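Architecture and fold: a report
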Amino acid sequence: MQKSGGAAIHMEQSLVKNNFSGQTVLNSITYLVGNADILGNMSSIPAKKPFDDGIIEFMNDVSRTLMGMREAKMYSDIVTLAFWIRKASVMRLKERFYEQDRYICLGRGMVFHIAPSNVPVNYAYSLFTGLLTGNANIVRIPSKDFPQVEIINRAINEALKNHEEIRPYICLARYDRSREINDLLSLTADMRIIWGGDATIGEIRKSPLKPRAGEITFANRYSLAVIDSDRYLAIEDKGKIAEDFYNDTYLTDQNACTSPRIVVWKGNKKEEAKKEFWNNLHEVVKKKYGFQPIQAVNKLVSSYLLGAVQDGVKIECCEDNLIVRVKVSEIREDIMDFMDNSGYFFEYDCENILELRKLCDDRQCQTVAYIGEGEMLMPLIHSGVRGIDRIVPVGKTMDFDLIWDGYNLFERLTRIVKID
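Because the structure is a prediction, the values reported are computed rather than measured.

1. Regarding the overall build of the protein
- Secondary structure summary: the protein contains 16 helices and 17 strands in total.
- The C-alpha radius of gyration of the protein comes to 23 Å, within 12% of the 22 Å expected for a compact globule of 420 residues.
- Over its C-alpha atoms, taken along the principal directions, the protein stretches across nearly 70 × 50 × 50 Å.
- Within the protein, the proportion of its 420 residues that are buried is 52%.
- Looking at the protein as shown, the accessible area adds up to about 19400 Å², and 48% of this sits on carbon and sulfur atoms.
- Put simply, the protein has 54 plus and 58 minus side-chain charges, and the middle of one group is 3 Å from the middle of the other.

2. Re helix α12 (residues 270–288)
- Helix length check: α12, at 19 residues, gives a terminal C-alpha distance of 27 Å against a target of 27 Å (1.5 Å per residue), a fit within 8%.
- Within α12, the full set of buried residues consists of K270, A273, K274, F277, W278, L281, H282, V284 and V285.

3. Some details on the sheet that holds strand β8 (residues 222–228)
- One open sheet accounts for 7 strands, arranged β10-β11-β12-β9-β8-β13-β14; its pairing is mixed. In the strand order of this sheet, the two ends are held by β10 (314–315) and β14 (390–393), each with one partner.
- Pairing geometry for β8 and strand β9 (residues 260–266), over 6 bridges, is parallel. Within β9, the residue paired with L224 across the bridge is I262.
- Docked against the sheet, helix α11 (residues 238–249) engages β8, β9, β12 (344–349) and β13 (365–371), running at close to 145° with respect to β9.

4. Quick look at the state of the cysteines
- One pass over the full model with this rule turns up 0 disulfides.
- Left unpaired, C365 is separated from the closest cysteine sulfur, that of C360, by 4.0 Å.

5. Here's the deal with unusual backbone geometry
- Of note, the phi angle at S342 is positive, near 60°, even though the residue is not glycine.
- Note that S342 resides in the loop between β11 (324–327) and β12.
- The phi dihedral of D405 is positive, around 60°, even though this residue is not glycine.
- Within the fold, D405 resides in the loop between β15 (403–404) and β16 (407–408).

6. Notes on the sheet that holds strand β1 (residues 30–33)
- Pairing in this open sheet of 6 strands is mixed, and the strands run β1-β5-β4-β3-β6-β7 from one edge to the other. Each end of this open sheet is capped by a strand with a single partner; those strands are β1 and β7 (214–217). Shown here is a sheet whose adjacent strand axes are inclined to one another by a mean of 20°, direction ignored.
- Strand direction decides the pairing type here: strand β3 (residues 110–114) and strand β6 (residues 191–194), joined by 4 bridges, are parallel. Across the sheet, the residue bridging to I114 is I194, located in β6.
- Running at roughly 165° to strand β4 (residues 136–140), helix α6 (residues 122–132) makes contact with β3, β4, β5 (170–174) and β6 of the sheet.

Conventions we followed
Residues numbered from 1 in each chain as written. Predicted model: local features only at pLDDT ≥ 70, side-chain atom pairs only at ≥ 80, totals over all residues. Heavy atoms only, no water. Helix = DSSP H or I, 4+ residues; strand = E, 2+ residues; numbered from the N terminus. Rg over C-alpha atoms; globule rule 2.2 N^0.38 Å. Buried < 20%, exposed > 50% of the residue type's maximum accessible area, 1.4 Å probe, protein only. Areas by Shrake-Rupley, 256 points an atom, 1.4 Å probe, with all protein chains shown as cover. Lys, Arg positive; Asp, Glu negative; His and termini not counted. Charge placed at Lys NZ, Arg CZ, Asp CG, Glu CD. Expected span 1.5 Å × (residues − 1). Pairing = 2+ DSSP bridges. Contact = heavy atoms within 4.5 Å. Axes fitted to C-alpha atoms, helices over the stretch in contact; angles between N-to-C directions. Disulfide = S-S within 2.5 Å.

The following block contains the structure:
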């Protein structure tokens, strides 16, 4: 190996290509979209300009296919994805992010995505973000057989029949945890995106990147909801609010980092608002949620563990275990160490929004969902908290955007060619 950095990198890339062509390490990969030959050529295909016309048309065809599938309409997360990738929505993103006259902008090259195992549709958002920014994409999708994954992949494969020019830019794959495969894909990638939390990040980071390659990581996060009781009681369609909160939480068993774990009440009519809010939510959960006994046991254990270390903890009376509400008398820095899922909520009565500063001064704090006015959270933001990357209405916590977790994904996944 020659001593110069550039020559060394060139030899590493040649080695990677030889591994691809020989189908050695990659024989254990299962391809749901694409194949080993496509993956082997990904590092050498041309980067596209962001919001390429062909990519936009392809994504619109995927959207149209999904919207025409009866089984897709059974899953609200698929419907939301289909709306996000339709042409009208993508063109609005283009207006926000892409100023073509200022410089030449291109994708970074090949992006290696590691999708989370607990949010079925996340891998698709990651893929389409990579495509919109002009990149070729290899995505390791969840090993669990979510029905949403099969439906979306079927729509992608169907759309590719009419967009053969896009086929070289997509590989969706499954493989068992393999350091060897991670090493190979990481060394080939120009960008690596890791979803799935701290443990996954630590494991994938054992695999080195090229010196000029970049990385985006989505670590463990938590979220909360702040409800103005007076404003909530004034809302006419409280059933719609219950459906929205259900989608924010139960749709992913509260496993998504965007799912509120604590409900904070403000205003003058807290008790009246709580009664209506939780009763309405309970009606939705009873109709829609599949509940296992072990989930009830886990939630009970979590509440007892919190009660053992913090004074003033009270389990609010509920009709059953579909919703467990644990009222806390103060917000401690370690409260999220005791969080659970499947309908497990801390509840706190708040007089001054700055009482939440300890909770939100943690970089793990991601989203604040609200009912009322988002302005009520501004004193908290202006206090200089290190957490909170998103403030959205209840029902919008899972709405994906190119600004996510404090990252501008458009900027991170593109490069600029400066011409004077």
